[in-house]
Amino acid sequence: DKAGHKHFMSKEIFEQPTVLAECLTHYAPGDRVALPEDALDFAQTDRLILVACGTANYACLVAKYWFEQLAGLPCEVDIASEFRYRAPPVSEAATALFVSQSGETADTLAALRYASDKAARIISVVNVPQSSIARESDLALPILAGVEVGVASTKAFMNQLGVLANLAILAARQRGHIDAARETELLATLRAVPGLVNQALALEERIQKQTGKLAEARSVLFLGRGAMFPLALEGALKLKEISYIHAEGYASGELKHGPIALVDKTVPVIVMAPRDALFDKTVSNMQEVLARDGRVWLITDAEGAEIAGDGVWQTLIIPRIEPDLCAHALCRAGTVDRLSYSPAQRHRCGPAPQPGQVGDGGMS
Ligand code: M6R
């Protein structure tokens, strides 16, 4: 039942505030993260190894910023299909964490099996609690997103981030990087996110109007810094997967090291620039795009648009978010999904969607 939506993907995008709120309440019903601490000893962990495929891998890349910045925990993120064949050294004091919506992705399962007699503990973050990956883990944490029918991961990505944010806060507490007051503050920031995602989703009509032009593009670039960098990768993946438009995501600072050669007035460049410590840096990369006649689509808040909106092609103003690690990435995750979905409604090129594709059935 698509509940009045044209595709399951659309339905699932709009479920995000609800399922995220449920997930956050489950893992932190009060002032403290309520995860099984005996099974999650981040104080004794020398390294966190996060392994996954596709969108789940991008959730890991976002979480890397949180584990490093909140908890000072050295963190590696690997693509499962690389990790499993590379035979990387895994320290006995490492925690290995596998993220998978289905819990059945073959490469992720093989990577888990490789690490299982090496790392101190194997944790998984899954949507299907009975899955192989969950069963073979020391601890499986469900993301509680409900069934995700759409092939393109949307609400599962959001809730993977929700669980990972709670894990990062727990790691920060166990490693003595935050006190009780800061934990309460971080959880309050997180709890505000479903409401902010709702506000972002209310921009639907506006996004649909703006993406009309995007649907004509042959190629699109997404740029972001910090935790916005993996979201740039995720935005590009979604646009390719759903709209058959070529897209690439880059760390903003990498633009000048080659990809800027692609920029001209036919290539929309979507710049994700929250008003955080990296804002000025991202805007300076955006200026490089403008200097090449690039068509910039700036995603920021009202203050960011006021400061940097001159000369850009389009601006999408999303709710102001407290410059806290978790909230930024989560709220923008919702916006990026929405943005990738809209051109698919108009794009007329490429093969016709098959059953089980384009957010219309099948499991990823
Ligand atoms: O079920 P998994 O999370 O292990 O699937 C991994 C990827 O295939 C998946 O995240 C894929 O990239 C997304 N469905 C793309 O939207």
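Numbering of residues starts from 1 in each chain and follows the order in which that chain's sequence is written. Since the coordinates come from a predicted model, pLDDT governs what is reported: local features require at least 70, and pairs of side-chain atoms require 80 or more to be given and counted, while whole-chain, interface and lining totals use all residues. Side-chain measures were taken over the full set of non-hydrogen atoms in the model, leaving aside hydrogen atoms and water.

Caption draft 1: Representation of the sheet that holds strand β10 (residues 314–317) in the model. Strands are labelled as partners when DSSP assigns at least two bridges between them. Only DSSP runs of H or I covering at least 4 residues are called helices, and only runs of E covering at least 2 are called strands; the numbering of each starts at the N terminus. Read from one edge of the open sheet, five strands run β7-β6-β8-β9-β10, paired in parallel fashion. With one partner strand each, in any of the chains shown, β7 (246–251) and β10 form the two edges of the open sheet. Each strand of the sheet is rotated relative to its neighbour by a mean of 20°, with strand direction disregarded. A contact between two residues is defined here by any heavy atoms of the two lying within 4.5 Å. In this analysis, axes come from line fits to C-alpha atoms, helices being fitted only over the stretch in contact, and the angle between any two N-to-C directions falls in the range 0 to 180 degrees. With respect to the sheet, helix α11 (residues 228–243) is in contact with β6 (219–224), β7 and β8 (268–272), its orientation differing from that of β7 by roughly 175°. Sheet strands touched by helix α12 (residues 279–291): β6, β8 and β9 (295–300). Its angle to β9, the strand with the most contacts, is close to 160°.

Caption draft 2: View of the site of the ligand. Close contacts around the ligand come from 14 residues, with S100, Q101, S102, T105 and E241 the closest. Polar contacts, as counted here, are pairs of nitrogen or oxygen atoms within 3.5 Å of one another; within protein the pair requires one atom able to donate a hydrogen and one able to accept it, and residues that are adjacent in sequence qualify only if both atoms are side-chain atoms. Contacts to the ligand include S153, whose backbone N or O atom sits 2.9 Å from an oxygen atom. Residue-level accessible areas treat just the shown protein chains as cover; the underlying method is Shrake-Rupley with a 1.4 Å probe. Expressed as a share of its isolated accessible area of 410 Å², the protein-covered part of the ligand is 88%. Elements with a contribution of two residues or more to the shell around the ligand: α3 (54–71) and α11. For the shell around the ligand, the leading source of residues is α3, giving three residues. A cutoff of 4 Å decides nearness: a residue is near a molecule or strand if any of its heavy atoms lies inside that distance of it.

Caption draft 3: Highlighting the pairing of β6. Counting buried residues in β6 gives six out of six residues, a clear majority hidden from the surface. A two-sided burial pattern is seen for β6, the buried positions comprising S219, L221 and L223 on one face and V220, F222 and G224 on the other. A clockwise course of the path from the first strand over the helix to the second, judged with the strands pointing away from the viewer, identifies a crossover as right-handed. In this view, the connection linking β6 to its parallel neighbour β7 by way of α11 has right-handed handedness. By the bridge criterion, three bridges tie β6 to β8 in an arrangement that is parallel. Looking across to β8, one finds that F222 is bridged to I270. Only protein chains enter the accessibility calculation, which uses a 1.4 Å probe; a residue whose area is less than 20% of its type maximum is buried, one above 50% is exposed, and one in between is partly exposed.

Caption draft 4: Examining the side chain of S132 more closely. With respect to the secondary-structure elements, S132 resides in helix α6 (residues 132–135). S132 gets classed as buried once you look at its relative accessible area, which sits at 12%. Not counting chain neighbours up to four residues away, the residues in contact with S132 comprise G103, E104 and L109.

Caption draft 5: Seen up close, the packing of aromatic side chains. Stacked, tilted and edge-to-face are the three classes applied to pairs of Phe, Tyr and Trp rings, where Trp contributes its six-membered ring and a pair requires centres within 6.5 Å; stacked means planes under 30 degrees apart, edge-to-face means over 60, and tilted covers the rest. In this structure the tally under the stated criterion is three aromatic pairs. Taking 6.0 Å as the distance between ring centres and 45° as the angle between the ring planes, the aromatic pair formed by F42 and F67 counts as tilted. In this pair, F42 sits in the loop between α2 (16–27) and β1 (47–52) while F67 sits in helix α3, placing the two residues 25 residues apart along the sequence. Given a relative accessible area of 1%, F42 falls into the buried group. Using a relative accessible area of 0% as the deciding quantity, one classes F67 as buried. Taken together, a centroid distance of 6.4 Å and an interplanar angle of 85° make the contact between W297 and W313 edge-to-face. In this pair, W297 is assigned in strand β9 and W313 in the loop between α13 (302–308) and β10, connecting sequence segments 16 residues apart. Of the residues examined, W297 reaches a relative accessible area of 0% and is grouped as buried.

Caption draft 6: Just the nonpolar core, in detail. Buried Ala, Val, Leu, Ile, Met, Phe, Trp, Tyr and Cys residues that are joined via side-chain atoms within 4.5 Å together make up what is termed a nonpolar core. F42, F67, L97, L164, L167, V220 and F222 are the most contacted members of the largest nonpolar core, which totals 77 residues. If you tally residues by element for this core, the top one is helix α7 (residues 155–174), at 13 residues. The residues contacting L164, other than those within four sequence positions of it, are L50, A59, C60, A63, W66, F67, L97, V99 and V125.

Caption draft 7: Spatial organisation of α12. Any helix carries an expected span of 1.5 Å times its number of residues minus one. A rise of 1.5 Å per residue sets the reference length of α12, with its 13 residues, at 18 Å; its end C-alpha atoms lie 18 Å apart and thus fit the reference within 8%. Taken as a whole, α12 has its buried residues at F279, T282, V283, N285, M286, V289 and L290. Buried residues of α12 fall within an arc of 155° about the axis and therefore sit on the same side. Pointing more than 90 degrees away from the buried face of α12 are the exposed residues D280, K281 and A291. In the core, the buried residues of α12 are packed alongside β6, β8, β9 and α13. Of the residues one or two after α12, D293 is the one with positive phi, at around 65°. Throughout, the arc means the angular range of directions from the helix axis out to the C-beta atoms.

Caption draft 8: A look at the state of the cysteines. Here, a disulfide means two cysteine sulfur atoms that sit within 2.5 Å of each other. Under the definition given, this model contains zero disulfides. With no disulfide of its own, C75 has C60 as its nearest cysteine by sulfur position, at a separation of 8.5 Å. Residue classification places C75 among the buried residues on the basis of a relative accessible area of 6%.

Caption draft 9: Layout of the sheet that holds strand β2 (residues 75–79). Taken in spatial order, the five strands line up as β2-β1-β3-β4-β5 in an open sheet, and their pairing is parallel. The two strands at the open ends of the sheet, each matched to only one other strand, are β2 and β5 (139–142). Looking at each pair of strands side by side, their axes are set apart by 20° on average, direction ignored. The sheet strands contacting α3 are β1, β2 and β3 (94–100), and the helix crosses β2 at an angle near 170°.

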